[in-house]
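# Remarks on the overall topology
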Amino acid sequence: MFLIFWLTFEVIGAWLSDLLDIVITDAVHGLDVLLTSTDIAAPMHSLIIDGICTGVGSVLSFLPIIGVLFFFLSILEDSGYIPRVAFVMDTLLRPLGLSGRSIVPMLIGFGCSVPAIMATRTLPSTRDRYLTILLIPFMSCSAKLPIYAMFTAAFFADHRALILISIYITGIIVSILCALLLKTVVFSGNPVPFVMVLPSYRMPGLKSVWLRMWANIKGFIKKAFTVIFVATIVIWLLQSFDMGLNMVDSPENSILASMGKAAAPVFAPLGFGDWRAATALITGLSAKEAVVSTLAVLTGAAGGDMTAMLTAIFTPLTAFCFLVFCLLYMPCVATLATIRREMGGLHYAFGVVLFQTCIAWVVSFVIYHIGILIL
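What follows deals with the nonpolar core. One finds Phe151, Phe272, Phe314 and Phe322 to be the most contacted residues of the largest nonpolar core, which totals 88 residues. Element by element, the count of residues in this core is highest for helix 16 (residues 316–328), at 11 residues. Ignoring anything within four residues of it in the chain, the contact list for Phe314 reads Phe151, Phe155, Phe272, Ala277, Ala319 and Phe322.

Encoded structure:
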């Protein structure tokens, strides 16, 4: 996995992402010139360029990273490696109250929590299902990759793979500690016995690898042009108007700024009390990619310019704490809806919101203050 992250974030994926970012930046600049020449109304010009193009474009620039990562993961899956992980992990998961079967939904969770939670239907007991469902959101889904890519490029350019593997390991460690807590407090008892037929190792087929990779790329593009598209419009509206629905000269006087400033004190002990960071976390509830598009819209920058804007809001330490919080805090609304459906109650979804957000706050707080003592 470390090799995959290195190839994705420092070699192949990073190079392709930078190339696509140049193309998107040039395209947005050309559209900007065209709209200016047509003398289009200023609010419409701002919506298209500062809202839609900046928000959606900043997310799409990370598409190659998504594709490269899932290309390698598809090779592992198609080779027969993943079922052996489940077999080996059974011994390690039993002290946590889980069987080896639970590792498969949890691995799927590194792609997306929604199908991962649905995959728990194959688990034989309700106890195992519920415990696994509550742990899946701690696995870092692919929707968070654009956030990692943006922050590692801005603050940890020379150590991207190391930072990424530390983020993933943090999620795994936190899930282990939460499993021990939940096993003791809520889900007492033992998991059911584990039996699995292992498929033979085989050379991955190019077609099947491509289909798996394309399914994830297509899902990412679909989300970018649906959820993220709508989110960027809403963000632009909220950051362009005040409470009296008057268009503002500065985003700091907007409705969105008011929301962010109200929430900012909650995050101040974690080192990122800036209202723009708080606002990005709020909009990230719709989809985690929205964190990137929100910061792009609020800073009025994209691509390389965004790096300078981020360094004005974060330090390397607070940037890492922000990444940890994004990793652990409550999942997106689609995941929450799936949890409600699979666990059979709205109170479970609210419980996940409260539980995960508290865990994220505590872990980020500890990392930030340990970092202050060390640095």
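Back to the text.
The next subject is a nonpolar patch on the surface. Among the surface-exposed residues, Phe2, Leu3, Trp6, Val11, Ile12 and Leu162 lie close enough to one another that they form a single nonpolar patch of about 550 Å² accessible area. The topology assignment puts Ile12 in helix 1 (residues 2–37).

Let us look at helix 16. One turn of the α-helix equals 3.6 residues, which is why residues spaced by three or four share an orientation. Here helix 16 spans 19 Å end to end across 13 residues, near enough to the 18 Å set by a 1.5 Å rise per residue. Of all 13 residues making up helix 16, 12 are buried, and the element is well covered by its neighbours. For helix 16, the full list of buried residues reads Leu317, Thr318, Ala319, Phe320, Cys321, Phe322, Leu323, Val324, Phe325, Cys326, Leu327 and Leu328. Buried residues belonging to helix 16 abut helix 8 (145–155), helix 9 (160–185), helix 12 (255–267), helix 13 (275–283), helix 14 (290–299) and helix 18 (346–374).

Let us now look at helix 8. Counting buried residues in helix 8 gives 10 out of 11 residues, a clear majority hidden from the surface. Taken residue by residue, helix 8 has Leu145, Pro146, Ile147, Tyr148, Ala149, Met150, Phe151, Thr152, Ala154 and Phe155 as its buried positions.

Their axes nearest at 8 Å, the elements helix 13 and helix 14 cross at an angle of 145°. Taken as a pair, helix 13 and helix 14 cross one another with a handedness that is right-handed. Judged by residue contacts, Trp275, Arg276, Thr279, Ala280 and Thr283 of helix 13 engage Ala290, Val291, Thr294, Leu295 and Leu298 from helix 14.

Now for the pattern of salt bridges. It is possible for side chains bearing opposite charge to pair when their charged atoms get close. Using the criterion set out here, one finds five salt bridges in the structure. Across the pair Asp78 and Arg202 runs a salt bridge, and its minimum N-O distance is 2.9 Å. With Asp78 in helix 3 (residues 63–78) and Arg202 in the loop between helix 9 and helix 10 (206–224), the pair connects residues that are 124 residues apart, well separated along the chain. Residue classification places Asp78 among the buried positions, given a relative accessible area of 2%. Asp128 is the salt-bridge partner of Arg127, the closest N and O atoms lying 2.9 Å from each other. Of the two residues, Arg127 and Asp128, both sit in the buried class. The structure contains a network of salt bridges with shared partners spanning Asp78, Arg202 and Arg212.

The next point concerns the side chain of Lys288. Structurally, Lys288 is set in the loop between helix 13 and helix 14. Taking the relative accessible area as the measure of exposure, Lys288 reaches 3% and is therefore buried. Looking at Lys288, its side chain comes within polar contact range of the side chain of Tyr329, at 3.5 Å. When sequence neighbours within four positions are dropped, the list of residues in contact with Lys288 reads Ala143, Lys144, Ile147, Tyr329, Met330, Pro331 and Cys332.

With that settled, consider the packing of aromatic side chains. Tallied over the entire structure, the rule returns 16 aromatic pairs. Each ring, one from Phe155 and one from Phe156, has its centre 6.3 Å from the other, and the planes form 50°; the classification is tilted. Residue class for Phe155 comes out buried when judged on its relative accessible area of 15%. Three or more aromatic residues joined by ring pairs make a cluster, and in this case those are Phe151, Phe155, Phe156, Phe267, Phe272, Phe314, Phe322, Phe325 and Tyr329. Between Lys288 and the ring centre of Tyr329, over which it is positioned, the NZ or CZ distance is 3.7 Å.

Turning next to the environment of Asp158. Structurally, Asp158 is set in the loop between helix 8 and helix 9. Residues Asp158 and Glu10 lie 148 residues apart in sequence; the distance between their C-alpha atoms is 8.5 Å.

What counts and what doesn't
Residues numbered from 1 in each chain as written. Predicted model: local features only at pLDDT ≥ 70, side-chain atom pairs only at ≥ 80, totals over all residues. Heavy atoms only, no water. Core = buried A, V, L, I, M, F, W, Y, C linked by side-chain atoms within 4.5 Å. Buried < 20%, exposed > 50% of the residue type's maximum accessible area, 1.4 Å probe, protein only. Helix = DSSP H or I, 4+ residues; strand = E, 2+ residues; numbered from the N terminus. Contact = heavy atoms within 4.5 Å. Patch = residues over 30% accessible without salt bridge, like charges linked within 9 Å, V, L, I, M, F, W, Y side chains within 5 Å. Areas by Shrake-Rupley, 256 points an atom, 1.4 Å probe, with all protein chains shown as cover. Salt bridge = Lys/Arg side-chain N within 4 Å of Asp/Glu carboxyl O. Expected span 1.5 Å × (residues − 1). Axes fitted to C-alpha atoms, helices over the stretch in contact; angles between N-to-C directions. Left-handed = near helix turned anticlockwise from the far one by under 90°. Polar contact = N/O pair within 3.5 Å; in protein donor to acceptor, adjacent residues only side chain to side chain. Phe/Tyr/Trp six-rings, centres within 6.5 Å; stacked < 30°, edge-to-face > 60°. Lys NZ or Arg CZ within 6 Å of the ring centre and 35° of its normal.

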